[in-house]
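Listed below, chain by chain, are the residues.
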Amino acid sequence: MAIWNRRTALKGLLTSTAAVGTLGIANVCTTDKKPPSQPTPLKNNIKQSVCRWCFQDMPLDQLCAAANEMGIKGIDLVGPKDWPTLKKYGLDSPMCNGAEINLTDGFNDPQFHARLQKQYADMIPLVAKAGYTNLICFSGSRRGMTDEAGWTNCVRGLQPLVKLAAQHKVVLVMELLNSKIDHKDYQCDRTAWGVELAKRLGSENFKLLYDIYHMQIDEGDVIRTLTEHHPYIAHYHTAGVPGRHELDDSQELNYPAIMRAILATGFKGYVAQEFIPQKPDKLASLRQAVQLCDV
């Protein structure tokens, strides 16, 4: 069975036309069964979104319609070509992408600065024009680089873009990824590393994407860490640990407690579901995760 990961998905997010199962005729025609109960409306104290790549085998229109029905407010990690579809359904794009090269060739390496600066300079005005705020970016792999060299290079590469982002009211958001399992050698693999970079840039237009799954793997201590560093965090991603699967009793994180901690910081942004469904009914898994995180 193929294993999906972020690196594979970001190389080419293709819309599948695979058929989707529908209710059988017997279910529709049976009259002696009670209609299914309606899901409990969300409190929406924390806005939720869902990452497109985790449901890449599902047509975007179907995912958007399901998101609306569940009370999800946005779709993460889509670029300009998909924004019209989101707008059709009244959904936000809480974390835009499309300017990055990949997850390994990032701002910590000067050889990529010219290309990245061109791509981000082109994308930032598009994000603003569409009415969105957050645009994802990545440190890239260490390739033997020290922390100090990584910070210095990232500041040099990002500084002009952060100024441009401020002009357009856009925030560049660097994702924290684990380097233990999924993204070997990735440099921004600890919250403290990302926070130090944010301090050196000294701008509200650069923040962090705190991926709960990734940081549980590389550093743990999730609630204390996000509570301490919340001023530097613009966005959150979820997934079950281990395996990046459903948010259920097979994984080690207490998501309701984590969501309450996020809420207690005064956070007004989005938490995006970024787990890879393993159960046959993927939308049921998504609904369960959304309900679990609705505190």
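The structure this text deals with has already been given above.
Criteria and cut-off values
Residues numbered from 1 in each chain as written. Predicted model: local features only at pLDDT ≥ 70, side-chain atom pairs only at ≥ 80, totals over all residues. Heavy atoms only, no water. Helix = DSSP H or I, 4+ residues; strand = E, 2+ residues; numbered from the N terminus. Buried < 20%, exposed > 50% of the residue type's maximum accessible area, 1.4 Å probe, protein only. Contact = heavy atoms within 4.5 Å. Axes fitted to C-alpha atoms, helices over the stretch in contact; angles between N-to-C directions. Parallel < 35°, antiparallel > 145°, perpendicular 65-115°, else oblique. Left-handed = near helix turned anticlockwise from the far one by under 90°. Nonpolar A, V, L, I, M, F, W, Y, C, P; charged D, E, K, R; others polar. Arc of directions from axis to C-beta. Polar contact = N/O pair within 3.5 Å; in protein donor to acceptor, adjacent residues only side chain to side chain. Pairing = 2+ DSSP bridges. Right-handed = clockwise from strand over helix to strand, strands pointing away.

## Things to note about the overall build of the chain
Moving on, step 1. Regarding its fold elements, the chain presents 11 helices and seven strands.
Moving on, step 2. A total of 295 residues make up the chain; the buried ones form 54% of that total.
Moving on, step 3. The contacts of the chain with a sequence gap of at least 6 include a subset with a gap of at least 24, amounting to 77%.

## Quick word on the packing of helix α9 (residues 222–229) against helix α10 (residues 255–264)
Moving on, step 1. Interaxial distance between α9 and α10 falls to 9 Å at its minimum, and their mutual angle equals 15°. The orientation of α9 with respect to α10, classified from their angle, is roughly parallel. You can see that α9 and α10 cross each other, and the crossing is right-handed. Only Ala257, Ile258, Ala261 and Ile262 of α10 make contact with α9, whose side of the interface consists of Val222, Ile223, Leu226 and Thr227.
Moving on, step 2. For the contact of α9 with α10, the class distribution of residues is seven nonpolar, one polar and no charged.

## Quick word on helix α3 (residues 60–70)
Moving on, step 1. Leu60, Leu63, Cys64, Ala66, Ala67 and Met70 are the residues of α3 that are buried. Taken down its axis, α3 places every buried residue within 165° of arc, on the same side.
Moving on, step 2. For α3, the elements touching its buried residues are β1 (47–51), β2 (74–76), α4 (83–88) and α11 (282–292).
Moving on, step 3. Of the residues one or two after α3, Gly71 is the one with positive phi, at around 95°.

## So, the environment of Trp53
Moving on, step 1. Of note, Trp53 is situated in the loop between β1 and α3.
Moving on, step 2. C-alpha separation for the pair Trp53 and Leu77, spaced 24 residues apart in sequence, amounts to 7.4 Å.

## Topic: the environment of Gln48
Moving on, step 1. Along the polypeptide, Gln48 turns up in strand β1.
Moving on, step 2. According to the relative accessible area criterion, Gln48 is buried, its value standing at 1%.
Moving on, step 3. Sequence separation of Gln48 and Ala67 is 19 residues, and the distance between their C-alpha atoms is 9.6 Å.
Moving on, step 4. A distance of 2.9 Å separates the side chain of Gln48 from the side chain of Gln273, its partner in a polar contact.

## What about the pairing of strand β5 (residues 206–211)?
Moving on, step 1. The buried fraction of β5 is high, at six of six residues.
Moving on, step 2. Note: strand β4 (residues 171–175) against β5, four bridges, orientation parallel. By the bridge assignment for β5, Leu172 is matched with Phe206.
Moving on, step 3. In this region the chain leaves β4, passes through helix α7 (residues 191–201) and returns to the parallel neighbour β5; the handedness of that crossover is right-handed.
Moving on, step 4. Judged from the four bridges that link them, β5 and strand β6 (residues 233–238) form a sheet pairing that is parallel. What sits directly across from Tyr210, in β6, is Tyr236.

## As for the pairing of strand β7 (residues 270–273)
Moving on, step 1. What you see with β7 is no split at all: Tyr270 and Ala272 on one side and Val271 and Gln273 on the other are buried throughout.
Moving on, step 2. As defined by bridge partners, β6 adjoins β7 across four bridges and the pair is classed as parallel. Along β7, the bridge assignment pairs Tyr236 with Val271.

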